[in-house]
Amino acid sequence: MSILYVSPHPDAFPSLRALIAARYGEAGEGPGWGGAHPRICLQPPPTSRTPFPPPRLPALEQGPGGLWVWGATAVAQLLWPAGLGGPGGSRAAVLVQQWVSYADTELIPAACGATLPALGLRSSAQDPQAALGALGRALSPLEEWLRLHTYLAGEAPTLADLAAVTALLLPFRYVLDPSARRIWGNVTRWFITCVQQPEFRAVLGEVVLYSGARSLSQQPGEEGFLGLAFLCLCLGPEAPAPPKTATQLKKEAKKREKLEKFQQKQKTQQQQPPPKKPKPEKRGKRDPGVVTYDLPTPAGEKKDVSGIMPDSYSPQYVEAAWYPWWEQQGFFKPEYGRSSVSAPNPRGIFMMCIPPPNVTGSLHLGHALTNAIQDSLTRWHRMRGETTLWNPGCDHAGIATQVVVEKKLWREQGLSRHQLGREAFLQEVWKWKEEKGDRIYHQLKKLGSSLDWNRACFTMDPKLSAAVTEAFVRLHEEGVIYRSTRLVNWSCTLNSAISDIEVDKKELTGRTLLSVPGYKEKVEFGVLVSFAYKVQDSDEEVVVATTRIETMLGDVAVAVHPKDPRYQHLKGRSLTHPFLSRSLPVVFDDFVDMEFGTGAVKITPAHDQNDYEVGQRHGLEAISIMDSRGALINVPPPFLSRWGGPWGAHHLIPGPVCPRSRSKDVVEPLLRPQWYVRCGEMAQAASAAVTRGDLHILPEAHQRTWHAWMDNIRDWCISRQLWWGHRIPAYFVTVSDPAVPPGEDPDGRYWVSGRSEAEAREKAAKEFGVSPDKISLQQDEDVLDTWFSSGLFPFSILGWPNQSEDLSVFYPGTLLETGHDILFFWVARMVMLGLKLTGKLPFREVYLHAIVRDAHGRKMSKSLGNVIDPLDVIHGVSLQGLHDQLLSSNLDPSEVEKAKEGQKADFPAGIPECGTDALRFGLCAYTSQGRDINLDVNRILGYRHFCNKLWNATKFALRGLGKGFVPSPTSEPGGHESLVDRWIRSRLTEAVRLSNQGFQAYDFPAVTTAQYSFWLYELCDVYLECLKPVLNGLDQVVAECARQTLYTCLDVGLRLLSPFMPFVTEELFQRLPRRTLQAPPSLCITPYPEPSEVREAAMDLALSITRAVRSLRADYNLTRIRPDCFLEVTDEATGALASAVSGYVQALASAGVVAVLALGAPVPQGCAVALASDRCSVHLQLQGLVDPARELGKLQAKRSEAQRQAQRLRERRAASGYPSKVPLEVQEADRAKLQQTEAELRKVDEAIALFQKML
């Protein structure tokens, strides 16, 4: 018998580590060393049996006289289950060992060092704050790692988690108060998750975290202080060591002497004044791809950018520390900078809710695309000064979550949910949710998503659950929700109805063998079976065929087409069922295809949707032959199997459809009583909203599909036979009164709904006219379809049905952005339920993005090996790493090799590290309305190189600006700019205009192209090259103008890019000097550039005036004359701008005097007029320059010719046969000519009127 010797002390974390490992060994396949489970001994081993030197606790004796192993690390390694050290593969095992080593060498000394001073167990000479600082530095790598991971390695606790958790037991019990735990939020979440595991709880019991005021329950026992101090002072995680030898003592004395000298040197240096220019730490040449940010920055504090910029861009360096600071400062909250969200904002309000990802989900490229688009829009609106809310949330994912937890329950405890019971099972689901439910939130943060996390909602939260109950009760009271027995998609494995979106239709090209849950052998599909029914009182037979031969036991009729001559003689006749004493009438129905097969179709109303509708039309009985588990019922004994039996011949046919659910089971159409929503009226209202223009769907091509779906909508089945979800607030009524007959399930009168059982009881008593005490209620066991609660999401997250400030301000929302694949399953239902329950649309616009495909245009599939994890693009992954992911997936082994070949072809060297900014920018650059995205990772890598270009350009610019550079308070030019300065300003203005225009039109490629072109081809390739001699020249005035222009380009250019590339732009922006002391602290809340911000807007006005003058001169044939020009403006600002550019207008338009009229001053007589802009009109003086009488004669002749030409075109287009005989391109040319002629006539009439006034 093996014996495990451990310390009985409750804080002896090395022994606790061994005990927990032993628990895991008992729960798994036994200890990793292959022996039996050891006996636990709570005392040191007898000296007579121990080797020399005596072992440190914990110690493991592997049988009497056997091998001794001691020390927490070695003992835990042996006791831990074989194969559970990590998720599999050498890479995972190395990761586990690295974290174990980190726990032993870094966490344990830091934890003990911080705990002992806090408990008063060390002298005052030892600084407690320094010890806490050391603990913080040790926790930083953990905090960063756990931002995106539930556990340290894999999806379940490993030796790494065991080592680290036990190392941190003392700080969490005696040091880390609530404020400290908030700082280390990810570490705290992970620690609590681990100690709540059954194996941890069996050893540790309930771990009480330090509250800030140490209670008796949180103090070590009377004998515990000395024991605790001794434990922590021991080297590493081990128990007391043997007495030291004289040599060891001598070595320690030398170490102490060296340490005292070092401390004295540090003290002397601290007394000296700091050097004026501290030299940066010299580092050797490193791979630019692995430059990291190493400065200690507690989570939530601003990143230190005072140091020298690294030589090149590194995503790991750039992306470090910014997101926690943004979140801590509240930049993503709509309240930021305002007294409240309801405070008036002339800029407006922007509200968008996230499509709530499944709580079981993990990040994929669809999420990455969705969040890249949504976050860029959110950041743009926020930077424009709008009150901006992007509301996060998570969906409870009824089926997916229940399946995951059921598998976990069976794997770990060997129990089904039914054995556990409903309440206990739901507790297990909530426990799983608390452990892993926020994983996708951490991944969204990694993408830089600027969501207001304080408003994050889960669809099973009390607030949202109350909204679901309220919606159901209201709709049930109005008769919109009703109970009915109909055919539903039924999963025999899930034992539940499922929605259409949860059904995968698999096309079969012939005989196919598929695995079906509950069957050891694969089941045959894709085979058409023909058999014959005999006509009663005749030798004649009618041959029918089916791919599901077992359903013939539920046949109640055979249908033929009314016009089929082959079966006219069978009107009024019946057929005989060969196995059942059942007569099958021959019915005539238009749905039958005479050309297919024999033209005769078997009718099974209880197991086929088309047959059900035929049965309804002809009053046929629906006979169910299958129960909810897939077993055949109401059939003779030989036919008890769902598949198989004494069936007839098999004939292969191409293309049958095999619908399968997420459980991999074949979906069965079964008759079941369910809850339904009447969708007809709501669909009409939703369709009308789009027709009226109240709701805009972009791209507009989806509007036709929207109307078609709404026009053909069916009632929506909303009940699911699950336990995880919103339990339906409906109760079946039993009345203890002989005057009231007992009800049946489909009878809606015997169902009442209520916000509470008491309310439902009152309703039932009133309905049946009895006292409440005679009413017995049984709540429906089913839950609501997940899409029902998701359909309420836009207003339930804001507190509906209760009035709240958020609801009044942010509902209706501004935009709903999502993939077009859930237009009907989610978007349509939100619109219908929003209109029905609130009387308002939930949002004003819907933008539907495309689907991501691989570089070859193929749909992403695990079996093809082309599925890309966005985190692999961000961090990079080797080809072997991609292969390892396949091994840990649920792919069939036969498909793994095929997928590996696909990965090898597409990513022969793996996926390089691209970073978050490059991925976001690349996805948005790909997004074109109405087209799918063929994602090439190499193009994303190209945008990483673009980030490096930004980095180097800014680095060069900062050197050119110099340390003493002070930017001017505004971006207006100083007046001494060179030609290239003016040119780059004009290009910057154009980039600003295109960016704003593109964002407004959801034209993301236009925005990214404008910004990419400005930075790369205009700023870097041209302006910076022209700038080098200027900055080194002798003309300081010109050089200063160039520096100011360069600063403006950097400032405005980074703000332009910020919505797409938040990390690198923030990093570079923070290194620029500010124009004013009142500048915002972060780029993400700095105003987005507008064209008027760069003074070149004046040049735009000059060009507009010039074009108007030139147009008038051409109209009046003033080619050799320089007429005077008068500018009429609507405000003083435009007048000042026009005055500033009058000289340019005079030169460019070949005008005489260019004068700006005072506001309200009359326009001189005899002027022709044209519009330059909405704020400036151009009046060109014609008086004295032309002969009015002569010009009138010319104009009259011109007018007559134009009228004749217009009349000929009208007569030509009105001729009979014109639309059918004339080619379309000629018709279009005629229409354009007529429009041009009519416009010319209007201009001639205006000119005639002007010259008549001059006579």
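Further up the page is the structure itself.
To start, this report covers the structure provided alongside it. Bear in mind the structure is a predicted one, so any value in this text is a computation, not a measurement.

1. Thoughts on the overall build of the protein chain
Okay, step 1: Secondary structure summary: the protein chain contains 42 helices and 37 strands in total.
Okay, step 2: Taken across its 1255 residues, the protein chain has 51% of its residues classed as buried.
Okay, step 3: The long-range share in the protein chain, meaning contacts at least 24 apart out of those at least 6 apart in sequence, stands at 76%.
Okay, step 4: Taken as a whole, the protein chain presents about 58600 Å² of accessible surface, with 53% of it coming from carbon and sulfur.

2. A few points about the packing of aromatic side chains
Note on aromatic pairs: each is described by the distance of the centres and the angle between the planes.
Okay, step 1: Overall, the coordinates contain 46 aromatic pairs when judged by the stated rule.
Okay, step 2: Measuring from centroid to centroid gives 5.2 Å for tyrosine 750 and phenylalanine 768, while their planes differ by 40°, and the two rings are tilted. Note that tyrosine 750 is positioned in the loop between strand E26 (730-735) and strand E27 (751-753) and phenylalanine 768 in helix H23 (residues 757-768), a separation of 18 residues in sequence. Assigned by exposure class, tyrosine 750 and phenylalanine 768 land together as buried.
Okay, step 3: Note on phenylalanine 999 and tyrosine 1088: the rings are 6.1 Å apart at their centroids and 85° apart in plane angle, and the pair reads as edge-to-face. On the criterion of sequence distance, the pair formed by phenylalanine 999 in helix H33 (residues 979-1000) and tyrosine 1088 in the loop between helix H36 (1062-1069) and helix H37 (1097-1115) is long-range, its members being 89 residues apart.
Okay, step 4: For tyrosine 1088, a relative accessible area of 3% translates into the label buried.
Okay, step 5: Every member of this aromatic cluster is reached through a ring pair, and the members are Trp380, Tyr847, Phe921, Tyr943, Phe946, Phe999, Tyr1002, Phe1004, Tyr1012, Tyr1017, Phe1060 and Tyr1088.
Okay, step 6: Over the ring of tryptophan 326 we find arginine 379; its NZ or CZ atom is 5.0 Å from the centre of that ring.

3. A few points about the environment of alanine 606
Okay, step 1: Examined against the element boundaries, alanine 606 turns out to sit in the loop between strand E19 (600-603) and helix H20 (609-618).
Okay, step 2: Classification of alanine 606 by relative accessible area gives buried; the value is 0%.
Okay, step 3: Note: C-alpha distance between alanine 606 and alanine 622 (16 residues apart in sequence) is 4.8 Å.
Okay, step 4: When residues no more than four places from it in sequence are discounted, the contact partners of alanine 606 are Leu487, Ala622, Ile623, Ser624, Pro669, Leu670 and Leu671.

4. Topic: the pattern of salt bridges
Okay, step 1: Enumeration over the complete set of coordinates arrives at 51 salt bridges.
Okay, step 2: A salt bridge links arginine 1210 to glutamate 1238; the shortest N-O distance between them is 3.4 Å. Linking arginine 1210 in helix H40 (residues 1188-1214) with glutamate 1238 in helix H42 (residues 1224-1254), this pair joins segments that are 28 residues apart in sequence.
Okay, step 3: Overall, arginine 1210 belongs to the partly exposed group, its relative accessible area being 37%.
Okay, step 4: Judged by its relative accessible area of 27%, glutamate 1238 is partly exposed.
Okay, step 5: Each of the salt bridges in this network shares a partner with another, and the network as a whole consists of Glu470, Arg474, Glu477, Arg755, Glu759 and Lys763.

5. Some words on the pairing of strand E22 (residues 668-677)
Okay, step 1: For E22, the tally of buried residues reaches 8 of 10 residues, placing the bulk of the element in the interior.
Okay, step 2: Bridging between strand E9 (residues 481-491) and E22 involves 10 bridges; their strand directions are antiparallel. Within E22, the residue paired with asparagine 489 across the bridge is proline 669.
Okay, step 3: In this structure, E22 lies alongside strand E24 (residues 716-717), joined through 2 bridges in antiparallel fashion. By the bridge assignment for E24, valine 677 is matched with tryptophan 716.

Basis of the calculations
Residues numbered from 1 in each chain as written. Predicted model: local features only at pLDDT ≥ 70, side-chain atom pairs only at ≥ 80, totals over all residues. Heavy atoms only, no water. Helix = DSSP H or I, 4+ residues; strand = E, 2+ residues; numbered from the N terminus. Buried < 20%, exposed > 50% of the residue type's maximum accessible area, 1.4 Å probe, protein only. Contact = heavy atoms within 4.5 Å. Areas by Shrake-Rupley, 256 points an atom, 1.4 Å probe, with all protein chains shown as cover. Phe/Tyr/Trp six-rings, centres within 6.5 Å; stacked < 30°, edge-to-face > 60°. Lys NZ or Arg CZ within 6 Å of the ring centre and 35° of its normal. Salt bridge = Lys/Arg side-chain N within 4 Å of Asp/Glu carboxyl O. Pairing = 2+ DSSP bridges.

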